[in-house]
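What follows is each chain in one-letter form.
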Amino acid sequence: MQQEHFDVLVVGAGLSGVGAGYHLKTRCPGKTYAILEGREAIGGTWDLFRYPGIRSDSDMYTLGYSFRPWREAKAIADGPSILKYVRETARDYGVDAHIRFRHRVVAASWSSEDALWTVEVERGDETERVSFTAGFLFMCGGYYDYAEGHTPDFAGTDRFKGQIVHPQHWPERMDYAGKRVVVIGSGATAVTLVPAMAETAGHVTMLQRSPTYVVSRPAEDQFANRLRARLPAQLAYQIIRWRNVLGGMYFFNLARKKPAQVKAGIIDMVRGHMGPDYDVDTHFTPRYNPWDQRLCLVPDADLFDAIKAGKASVVTDEIDTFTEHGIRLKSGQELAADIIVTATGLKMQLLSGVAFDIDGAPVDLAKTMSYKGMMYSDVPNLASAFGYTNASWTLKCDLTCEYVCRLINFMDKRGYAAATPRKTDPTVAEVPWLDFTSGYVQRAIDKLPRQGSKRPWKLYQNYALDLITLRFGAVDDGTMEFKRRATKQRAA
Ligand SMILES: Cc1cc2nc3c(=O)[nH]c(=O)nc-3n(C[C@H](O)[C@H](O)[C@H](O)COP(=O)(O)OP(=O)(O)OC[C@H]3O[C@@H](n4cnc5c(N)ncnc54)[C@H](O)[C@@H]3O)c2cc1C
């Protein structure tokens, strides 16, 4: 079997993998690395999802990389602009030359004797098996299953005579002009799809079991645009980024400390958009507190405008069964539809579904504890990029990349071959990895690692705190165990 060696192997060429490539190149210039990407394209999420209106729901000043200013007018950007940004970053920093496309990683084995990962890959359509070796493995494969999204078992789907589509597999040329569309769901995807499809569809109904918090923000950030016109790009970017980071942290903490007040503020805003006659209580007042799940952002109140214009509507009810011509609800109401979109979520999948073993013993991720939100107890030389749940993904991933580079450089300097987080402190209690009530998290919680009750095992979901600890905290912190290469190998 063919076997190439790299100092670092990155899995995935999305936002995180491309960022990892940049950081490795600039911070560890002496190291060889390759990025193994299962698909044929750079961009991950922003290349995969092609549904109408696809966009970010965080601002691009924080979803963008720390090292590359976002230069477009819209802060809430559309998918193609984000994809362009990721691709241009890969091209401009020479990261693209390191990517091996159509290389899907399926397994990785750690040998303690050799201090090496052997990574098994399926290449191309024929899924030809090749393998690589690497000193360090950096998983940047996102957080969900690329093969399929989550669709609950709805009764009667086979009876429906129209088209059923999941947003993760949007048909290339789908004509919905003038058609009656029902979008099942109330999350970020549903609130994006509804106003976008309503532009040309006959009518779009958002069918939700229960409401989500929906907050409107201007798509363009006027302050940011004025600042960008006056200051050097990187300086303006850093100022706006920090303003948004601190604003986000303030709002999140307020929501946690005074949930009733924040809830009332959000609902009042919705009432302001929808007017006094709309039933905000039924359709836009969730049963949970703000930030128990991610808030849904709509740019320039587009969802509210589509509803007010009569092009879209919201129905809050449960599905009894699909029928030949639409959906029958538990209340008895029937929704006629030509197209049903199941915006029912993602299947969460950590570490890209790769089967890991250490010296032949399989690693059960659910039995590990997450170290600094990126490594796993008793798993050597492996890190993963996982973003914040309460802020932009890239904020954490940038810091994770920085830390991984610090760790690799530290090991080099001291002649270490293996770094393994060890949970030796008996006073660290186990806590669920994510305290989010969202369906996609709850469906996967049993397969996820735990976090600890205190540092360095606790996830603070706080960029400012992480910046201090990951950028400046000691790498040799007493929890990370370092090992040199075995003598036999050193002699060789
Ligand atoms: C519709 C949508 C909108 C979103 N909007 C936001 C937002 O506004 N703000 C925010 O912070 N987050 C958002 N997210 C979360 C989003 O996924 C992240 O922001 C970010 O794009 C993730 O980047 P990533 O590179 O870590 O993962 P991904 O974008 O998922 O990329 C992972 C890459 O790894 C590859 N890969 C996976 N497994 C393997 C394997 N076994 N072998 C080889 N390659 C593999 C995939 O093919 C893919 O190219 C959104 C997610 C979705 C689905």
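Not measured: the values here are computed from a predicted model.

Rules and cut-offs
Residues numbered from 1 in each chain as written. Predicted model: local features only at pLDDT ≥ 70, side-chain atom pairs only at ≥ 80, totals over all residues. Heavy atoms only, no water. Axes fitted to C-alpha atoms, helices over the stretch in contact; angles between N-to-C directions. Helix = DSSP H or I, 4+ residues; strand = E, 2+ residues; numbered from the N terminus. Parallel < 35°, antiparallel > 145°, perpendicular 65-115°, else oblique. Contact = heavy atoms within 4.5 Å. Nonpolar A, V, L, I, M, F, W, Y, C, P; charged D, E, K, R; others polar. Buried < 20%, exposed > 50% of the residue type's maximum accessible area, 1.4 Å probe, protein only. Lys, Arg positive; Asp, Glu negative; His and termini not counted. Salt bridge = Lys/Arg side-chain N within 4 Å of Asp/Glu carboxyl O. Polar contact = N/O pair within 3.5 Å; in protein donor to acceptor, adjacent residues only side chain to side chain. Near = heavy atom within 4 Å. Areas by Shrake-Rupley, 256 points an atom, 1.4 Å probe, with all protein chains shown as cover.

A. Looking closely at the packing of helix α11 (residues 393-414) against helix α13 (residues 463-472). Running from N to C, α11 and α13 point in directions that differ by 10 degrees, and their axes come no closer than 9 Å. What the angle tells us is that α11 and α13 run roughly parallel. Along the contact surface, α11 presents Leu 395, Lys 396, Leu 399, Glu 402, Tyr 403 and Arg 406, while α13 presents Tyr 463, Asp 466, Leu 467, Thr 469, Leu 470, Arg 471 and Phe 472. Residue composition of the contact of α11 with α13, grouped by class: seven nonpolar, one polar and five charged.

B. Structural view of the side chain of Asp 466. Residue placement: Asp 466 occurs in helix α13. As a buried residue without a salt bridge, Asp 466 has its nearest oppositely charged side chain in Lys 396, at a separation of 4.1 Å. Apart from the residues lying within four places of it in its own chain, the contact partners of Asp 466 are Tyr 388, Lys 396, Leu 399 and Arg 471.

C. The arrangement of the side chain of Asp 221 in detail. Turning to its location among the elements, Asp 221 is positioned in the loop between β10 (214-217) and α6 (222-230). Residue Asp 221 is classed as buried on the basis of its relative accessible area, which comes to 14%. Polar side-chain contacts of Asp 221 include one of 3.0 Å to the backbone nitrogen of Ala 224. Beyond its immediate chain neighbours, meaning those up to four positions away, Asp 221 contacts Tyr 61, Ala 73, Ala 75, Ile 240, Arg 243 and Asn 244.

D. Representation of the site of the ligand in the model. In the region of the ligand, 32 residues are neighbours, and Ser 16, Glu 37, Asp 57, Ser 58 and Tyr 146 sit closest. At a separation of 2.8 Å, an oxygen atom of the ligand approaches a polar side-chain atom of Thr 45. Contact distances for the ligand include 2.8 Å between an oxygen atom and a backbone N or O atom of Trp 393. Within the complex, the protein chains bury 95% of what would otherwise be the 970 Å² of accessible surface of the ligand. Of all the elements in the fold, those that place two or more residues in the shell around the ligand are α1 (15-27), α2 (45-48) and β4 (103-111). Top contributing element to the shell around the ligand by residue count: β4, with three residues. A class-by-class count of the residues in the shell around the ligand yields 14 nonpolar, 13 polar and five charged.

E. The arrangement of the pattern of salt bridges in detail. Scanning the entire structure with this criterion turns up 34 salt bridges. Where Arg 50 meets Asp 47, a salt bridge forms, and the shortest distance between an N and an O atom there is 2.7 Å. For Asp 221, the salt bridge is made with Arg 243, and the minimal N-O distance between the two is 2.2 Å. Highlighted residues: Asp 221 in the loop between β10 and α6 and Arg 243 in helix α7 (residues 233-257), separated in sequence by 22 residues. When salt bridges that share partners are traced, they join Arg 68, Glu 72, Lys 84, Glu 88, Arg 91 and Asp 92 into one network.

Take it as geometry only, folks, not as evidence of what the structure does.
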